[in-house]
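Reading the structure
Okay, here's what each chain looks like letter by letter:
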Protein chains: 2
Amino acid sequence: MPLFSSSSSSSSSSLLARLASSTPLASRFSIPRLFSLPRRPPPPPPPPPTASPAAAAAMDRTAEDALRRALADKQAAVEAQGNAVRALKAGKAPKPEIDAAIAALNALKIDKAGVEKQLQAAVSGAGDGALTREAFRHAVVNTLERRLFYIPSFKIYRGVAGLYDYGPPGCAVKSNVLAYWRQHFVHEENMLEVDCPCVTPEIVLKASGHVDKFTDLMVKDEKTGTCYRADHLLKDFCNEKLQKDLSISAEKAAELKLVLATLDDLSADELGAKIKEYGIAAPDTKNALSDPYPFNLMFQTSIGPSGLLPGYMRPETAQGIFVNFKDLYYYNGNKLPFAAAQIGQAFRNEISPRQGLLRVREFTLAEIEHFVDPEDKSHPKFSQVADLKFLMFPREQQMSGQSAIKTQLGEAVSKGTVNNATLGYFIGRVYLFLTRLGIDKDRLRFRQHLANEMAHYAADCWDAEIECSYGWIECVGIADRSAYDLRAHTEKSGVALVAHEKFAEPREVEKLVISSNKKKLGLAFKGNQKMVVESLEAMGEEEALQLKAALESKGEAEFLVCTLGKSVIIKDNMVKISKQKIRENQRVFTPSVIEPSFGIGRIIYCLYEHSFYTRPSKAGDEQLNVFRFPPLVAPIKCTVFPLIQKPEYESVAQLISRSLTVAGVSHKIDITGNTIGKRYARTDELGVPFAITVDSQVDVTIRERDSKDQVRVSVGEVASVVKEVIDGHRTWSDVWSSFPHHTSASAEDE
Amino acid sequence: MPLFSSSSSSSSSSLLARLASSTPLASRFSIPRLFSLPRRPPPPPPPPPTASPAAAAAMDRTAEDALRRALADKQAAVEAQGNAVRALKAGKAPKPEIDAAIAALNALKIDKAGVEKQLQAAVSGAGDGALTREAFRHAVVNTLERRLFYIPSFKIYRGVAGLYDYGPPGCAVKSNVLAYWRQHFVHEENMLEVDCPCVTPEIVLKASGHVDKFTDLMVKDEKTGTCYRADHLLKDFCNEKLQKDLSISAEKAAELKLVLATLDDLSADELGAKIKEYGIAAPDTKNALSDPYPFNLMFQTSIGPSGLLPGYMRPETAQGIFVNFKDLYYYNGNKLPFAAAQIGQAFRNEISPRQGLLRVREFTLAEIEHFVDPEDKSHPKFSQVADLKFLMFPREQQMSGQSAIKTQLGEAVSKGTVNNATLGYFIGRVYLFLTRLGIDKDRLRFRQHLANEMAHYAADCWDAEIECSYGWIECVGIADRSAYDLRAHTEKSGVALVAHEKFAEPREVEKLVISSNKKKLGLAFKGNQKMVVESLEAMGEEEALQLKAALESKGEAEFLVCTLGKSVIIKDNMVKISKQKIRENQRVFTPSVIEPSFGIGRIIYCLYEHSFYTRPSKAGDEQLNVFRFPPLVAPIKCTVFPLIQKPEYESVAQLISRSLTVAGVSHKIDITGNTIGKRYARTDELGVPFAITVDSQVDVTIRERDSKDQVRVSVGEVASVVKEVIDGHRTWSDVWSSFPHHTSASAEDE
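Residues numbered from 1 in each chain as written. Chains lettered and ligands numbered in written order. Predicted model: local features only at pLDDT ≥ 70, side-chain atom pairs only at ≥ 80, totals over all residues. Heavy atoms only, no water.

1. Considering the overall build of chain A
We count it as follows: Secondary structure is summarised from DSSP: a helix means a run of H or I of at least four residues, a strand means a run of E of at least two, and numbering begins at the N terminus for each. Throughout, exposure labels follow a simple rule: accessible area from a 1.4 Å probe, protein chains only, divided by the maximum for the residue type, with under 20% read as buried, over 50% as exposed, and the rest as partly exposed. Contact criterion: two residues are considered in contact whenever any of their non-hydrogen atoms come within 4.5 Å of each other. Method for areas: the Shrake-Rupley scheme with a 1.4 Å probe, in which residue coverage is limited to the protein chains shown.
In terms of regular secondary structure, chain A is built from 25 helices and 28 strands. Residues counted as buried form 55% of the 750 residues belonging to chain A. Sequence-distant contacts, at least 24 apart, represent 70% of the contacts inside chain A between residues at least 6 apart. In the structure as shown, chain A presents an accessible area of about 31000 Å², 53% of it carried by carbon and sulfur atoms.

What follows is the structure, given as structure tokens:
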């Protein structure tokens, strides 16, 4: 999956720049470098210069560029007038003439200063926005870390960049998100969930392309050996120059923007050339940098004690599903379509992780591989999502410099904007999943990959991007990858990962047949017989023919049984290898796979940003933090407070707590002596939707987090009322209209 | 945790042998070798020869040994009589005399053959049992693999030993077990759940002892380099000899049994000496073997691109909790006791994984670290488990050769058999957890560690062992590890992992104070300021004093900030390091930790064995497999079958399916044309507790898996009836007595 590509966001301004690929500079970069993600292999031919003249011109016409040009003009005018003044003075011209020239010069200077100010504002406009965004992010992250949603891993040992722990509330949110994912996708769609190991032998990742292509380009400080991502250094240089150097020309600014836009497509040589051209040095030492070279992002290890079986920590979970296709297809009654799903850890040894919680070295992925007949990609349940309307950002809109637009999904599929109904169905399901978690639908868009972003074999690809303080972040990738992955493993393993469809008429073909003599093999290998037989029967054609030749010439041959971790001697009476004519009664084909792939940590982080707000305390002296999590996601559904420390209230609180436990409502009792206002503030900051305050032995108060509304409910009833609202069987407004309101205690509230 | 020690089971026969440590041979082995698990460090002094004479003698008096002696006597008698016959013949004795001697010889031979037969029976008695166990296991594993509960990982590439996938039903069982674990432990006990990465920097595992001590002893085939676990080879040799060689003397048999019993305690030298003494060669090639040497069982990798930060895949999840103790204690309001929990993958690079699904290279652990004041290990909820009665196997019972006995938990704690009430509470909770999953209480015992099994710092340790076809398997370890782990990390990190208790009187002590000048640091390091400050303030005493000296002499010093992955220059105005007298108002102490640690995969495997049974098909022509999973665990709760392929029935089935989805009941529709009997057999084999057969548009049949009883329920009601039984709100016998029974369709049943 091309989830988590090197550049996580793709803003429309960079797209504008990308469109300018017909300019001379651009043509040098127009061949995309091998994308760092392995499953995005052989470079597609360079995209045709599809940029419309209007779009290309748009870049030049931006206010910022106009101001740069104006500033250069003013600067030239100031210089010219300065020369004129000096000439007048040297020529001893009359004073009034000199004075007039000086006045003109001053006027020009004021003019220039005005333009300079405007440009500064234009350039740092983004900067100011960035500052606001950073301040917001800082407030969110600070709350998240203080309340242990996250903890930098191994903090007492000063941590390791790119590794984070989920603390108690974060862990609860994550487990709620995963439980809902499982409900929404696996259970509701009857998917086949599997759970495969993280440790993966090299051969699997060789087949998938990760061993050869899962790389980022790296440069080293030539003296200290410190490593940097080459594209990051170039990106930082360009951004810094654009934001802080007002003197650069509009042309230079355009060039830098183009570099930013085409960063992902630069080859090692091109990146190296740019780094040299701009004189970029190591940021910390200012030492010279090495040429860029590819660094494989997989964590490498070795399986078993011999050191001879290299392995990697999987960079994604999908491969575990692909290699099991044959068994899963059988499990599904040899019928298509079906989907398999997997939730699990994935690992990427990032060169220098940035973007805090968004780019980490270990993360939870949830992936679906929906296998479908390439000749029929309809979906029986598509009508259930066809009426959904949300922000879509098709290729054409991006190419013409427009924004994402609200689109009806059914229309997008029927018009062919989305390639097929199955892909469309998953887009709709992803939309429902994310918005039900609490992602703001106005900051969620489905962006189609541009032609040059997509692998050559892919039929279509859409990313669910969520806008947060880092920009638009790719959180779910939904790709129609056609038959690529199954074919790659078929080729490497020699095991046909294919589906079947009965023929009307049988047909005859020649096939390799391996038949093992189980009796002989059993006598020779006893308990290991099964593994030897399986290995023999799993041979690819070439290997089988070699073995056949060896057996015919020497009567026996050495044969490696990987499952045993050793070679055995096979005699010619143990196995029969032959080519036979076979009648086939069916179409055999490689299914297409449609892959929705979810970066769970990224979704959760965006959810935090979308759920966070502040409101003044009652006294107005401070801003209080609130996470407006829906109950589905909230780490704790409810808190129980005795209003004051009093044994009777505490035992009522314990009673309510037990009822909540029986009802399966996760909750917490707070019997600290803090004021009720402080206790509300503390639970708001954890996003707890309901608080039960015990101030009598008969009735208690339920307070809703966002409205701060309070109702009075009897002790016996309170757990079931909360449970009903949590489970979505009753709304808060229904509760609000069914129970007496509580206002007197508002003095206790914040 | 000493979960998953090298020898997974400890039978009482090996214990008998272990007790014989006062024999001359035993004394050579009485010093336990450094246990392969790291958190079981410095070797305790050799245990005193506590074996009772009766127990030691018991070994010699076994029937088998008596028979070996008798056989040796008979052999000697046969030889003597043979000589006598030859002498008579040589001396030309009279024929009647020779005939009589020959008759006597024949009688002796018959005698000897009888004893031989008896010994063969005695020796292979265990063998026969083993065969039955193996046949049973074969039946279970065959069903599990055929129905995709498990799949050997990367099967199309011939797999990797010790790695397994959970296929769809296995994955569902696992996720049910984990959900129930979270409910039973985390939610009901208000534990703080965390989720830490698998990738772990070396320093953490150096502190925990894993880098130095997490090893198994390995030997290599000197010619091929193939690796073997040294203790496995010795074990196989002894077992083979004992079972197949009838000619060995009773003394030799006793010696071999003693070796088996003390295998875990042998040092590398001792193991090597035994391998030489017995002439053990490489099993496959008969080549000579290297001396045994330790092999670290952690998968090693490297974090980041520089190759300078070694890391490992965590071998357990507990360390992630220990390093977070400080934050978690704060999160808990600086109050003890509290428990933290973690579910996650752990990795062990086994030398040669055996025992199928029980000893794997990657597995899911669920661990609890309950932190408690060492001076108060009572538990407020102990009374809730005190009346439980189950098989306990205290040290004394093991030492005196007795079996586990049914014990009331309250009594075991009050008598001091179990060290403290908190440990006892967890033993009780583990018992409830396992039996509710479906573990047979008669094949579950809590075995206390013997003195020489336990780490020197541990207060007490009990393993929940489950009996399956491999013997008694350690599935949960419940240990009071005292303050060991927190102290180890305090020492290595320099961060005090301690708890506090207010003093009545304050007291004065000298302390190191590091105060950073945030303004200066902010100016110098901008966005990195926070990480620099944290690193400075996290310095240990020694490092701080070195920095202080450097700043005082040179005015600045280089300082490594791990979180930034680089060194920075610290000037003397940026940080103040001093020793100050401080008044303390509290007791500062390292909490004890009580650690229940669950091998989820092992529990699930044992559950499969305990749930599996076969029953004859209706025709009696075959045995059908059934898993009697409780609904809690069952991978699918319910199947829906139209009795025959008929559109009306199919649409009723779809309707029921939708109601089940809304009710959150995981289920499957089977519309294949198979007979209903075949479909029942298929769902029984997946352990599906209920099947709904649609044979009308008004009423349908619910069939219970184990009783095969069937009731008639209306289409509208069926989903909620199933839901109630699944959730445990209604029993099947209640359903059975509330609805009309269905008998006519039994013709359709198997």
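2. Overview of the packing of helix α18 (residues 518–525) of chain B against helix α19 (residues 529–537) of chain B
Residues and elements named next belong to chain B. Our working rule: Lines fitted to C-alpha atoms define the axes, with helix axes restricted to the stretch in contact, and inter-axis angles between N-to-C directions lie between 0 and 180 degrees. Should an angle fall under 35 degrees it is called roughly parallel, over 145 degrees roughly antiparallel, and 65 to 115 degrees roughly perpendicular, with every other angle called oblique. Crossing handedness is defined as follows: a turn of the near helix away from the far one that is anticlockwise and smaller than a right angle gives a left-handed crossing, while the clockwise case is right-handed. As a working rule, the residues Ala, Val, Leu, Ile, Met, Phe, Trp, Tyr, Cys and Pro are called nonpolar, Asp, Glu, Lys and Arg charged, and the rest polar, with Gly in that last group.
With their axes 8 Å apart at the nearest point, α18 and α19 run at an angle of 130° to one another. Relative to α19, α18 is oriented oblique. With respect to the hand of their crossing, α18 and α19 are arranged in right-handed fashion. Taking contact as the criterion, the partners of Lys-518, Leu-521, Gly-522 and Phe-525 in α18 are, on α19, Gln-529, Val-532, Val-533, Leu-536 and Glu-537. The class makeup of the residues in the contact of α18 with α19 is five nonpolar, two polar and two charged.

3. Concerning the environment of A:Gly162
All names here are of chain A. Tracing the chain through its elements places Gly-162 in the loop between β1 (150–152) and β2 (164–166). Sequence separation between Gly-162 and Pro-152 is 10 residues; the distance between their C-alpha atoms is 8.4 Å. The contact partners of Gly-162, leaving out residues within four places of it in the chain, are Pro-353, Arg-359, Val-360, Arg-361 and Glu-362.

4. Focus: the pattern of salt bridges
All names here are of chain A. Quick note on the threshold: For salt bridges, the criterion is a side-chain nitrogen of Lys or Arg within 4 Å of an Asp or Glu carboxyl oxygen.
The tally for this structure, following the rule as stated, stands at 98 salt bridges over all chains. Among the salt bridges present, the one from Glu-465 reaches Arg-447, with a minimum N-O distance of 2.9 Å. Taken together, the positions of Glu-465 in strand β15 (residues 460–468) and Arg-447 in strand β14 (residues 444–448) put the pair 18 residues apart, joining distant regions of the chain. Residues joined in a network through salt bridges with shared partners are Asp-216, Arg-229, Asp-231, Glu-350 and Arg-359.

5. Here we look at the interface of chain B and chain A
Short version of the rule: Using a 1.4 Å probe, buried area is obtained as the accessible area two parts lose upon being combined, added over both of them. Counted as a polar contact is a pair of N or O atoms within 3.5 Å, where, for protein atoms, one must be capable of donating a hydrogen and the other of accepting one, and residues adjacent in sequence contribute only when both atoms are in side chains.
With 87 residues of chain B at the interface, the matching set in chain A holds 87 residues. For the pair chain B and chain A, the summed buried surface comes to about 7300 Å²; carbon and sulfur atoms form 61% of the total. The tally of links from chain B across to chain A stands at 10 salt bridges. The salt bridge partner of B:Lys566 is A:Asp284, with a shortest N-O separation of 2.2 Å. Remark: the boundary between chain B and chain A carries 26 residue pairs in polar contact (both at pLDDT 80 or more). Sort the elements by how many residues they give to the side of chain B that touches chain A and helix α6 (residues 168–187) of chain B lands first, with seven residues. When the residues that make up the side of chain B that touches chain A are grouped by side-chain class, the tally is 45 nonpolar, 21 polar and 21 charged.

6. Details of the pairing of strand β21 (residues 592–599) of chain B
All names here are of chain B. Quick reminder of the rule: By the convention used here, strands pair only if DSSP detects at least 2 bridges between them.
By the criterion of burial, β21 is predominantly enclosed, with eight of the eight residues buried. Judged by which residues are buried, β21 turns out to be covered on both faces: Ser-592, Ile-594, Pro-596 and Phe-598 on one side and Val-593, Glu-595, Ser-597 and Gly-599 on the other are all buried. As paired strands, strand β11 (residues 362–372) and β21 are joined by six bridges and run antiparallel to one another. The partner of His-370 across the bridge, within β21, is Ile-594. Where strand β16 (residues 471–480) meets β21, five bridges bridge the pair, whose relative direction is antiparallel. The partner of Val-476 across the bridge, within β21, is Phe-598.

7. Regarding the sheet that holds strand β8 (residues 300–303) of chain A
All names here are of chain A. Ordered in space as β4-β9-β8, the three strands form an open sheet in which the pairing is antiparallel. Every other strand in the sheet has two partners, leaving β4 (199–201) and β8 as the edge strands with one partner each. Averaged over neighbouring strand pairs, the angle between their axes works out to 45° when direction is ignored. Sheet topology note: the β8/strand β9 (residues 309–313) ladder contains four bridges and is antiparallel. Bridge assignment links Thr-301 to a residue of β9, and that residue is Gly-311.

8. As for the packing of aromatic side chains
Our working definition: Aromatic pairs are defined between Phe, Tyr and Trp rings, using the six-membered ring for Trp, whenever the two ring centres lie within 6.5 Å; interplanar angles under 30 degrees are classed as stacked, those over 60 as edge-to-face, and all others as tilted. As a reminder, the over-ring test applies to NZ of lysine and CZ of arginine, requiring each to be within 6 Å of the ring centre and within 35 degrees of the ring normal.
Under the definition given, this model contains 60 aromatic pairs over all chains. With centroids separated by 6.1 Å and ring planes inclined at 55°, the aromatic side chains of A:Tyr470 and A:Tyr605 adopt a geometry described as tilted. Taken together, the residues span a long stretch of sequence, with A:Tyr470 in the loop between β15 and β16 (471–480) and A:Tyr605 in helix α21 (residues 600–611) at a distance of 135 residues. Its relative accessible area of 1% is what places A:Tyr605 among the buried residues. Both rings, one in B:Phe149 and one in B:Phe627, keep their centres 5.4 Å apart while their planes meet at 55°; by these two values the pair is tilted. You can see B:Phe149 sitting in the loop between α5 (95–146) and β1 (150–152) and its partner B:Phe627 sitting in strand β23 (residues 623–627), a full 478 residues away along the chain. In this structure, B:Phe149 and B:Phe627 share a single accessibility class: buried. By way of ring pairs, the aromatic residues A:Phe136, A:Phe149, A:Tyr150, A:Tyr164, A:Tyr166, A:Tyr608, A:Phe612, A:Phe627 and A:Phe629 are connected into one cluster. Sitting above the plane of the A:Phe589 ring, A:Arg587 keeps its charged end 3.8 Å from the centroid.

9. Some details on the sheet that holds strand β3 (residues 192–193) of chain B
Strand order in the open sheet made by the nine strands is β3-β10-β11-β21-β16-β15-β14-β12-β13 (chain B), with mixed pairing throughout. Looking at the sheet topology across the chains shown, the edges are occupied by β3 and β13 (405–408) of chain B.

Function-wise, these values are silent; they only describe arrangement.
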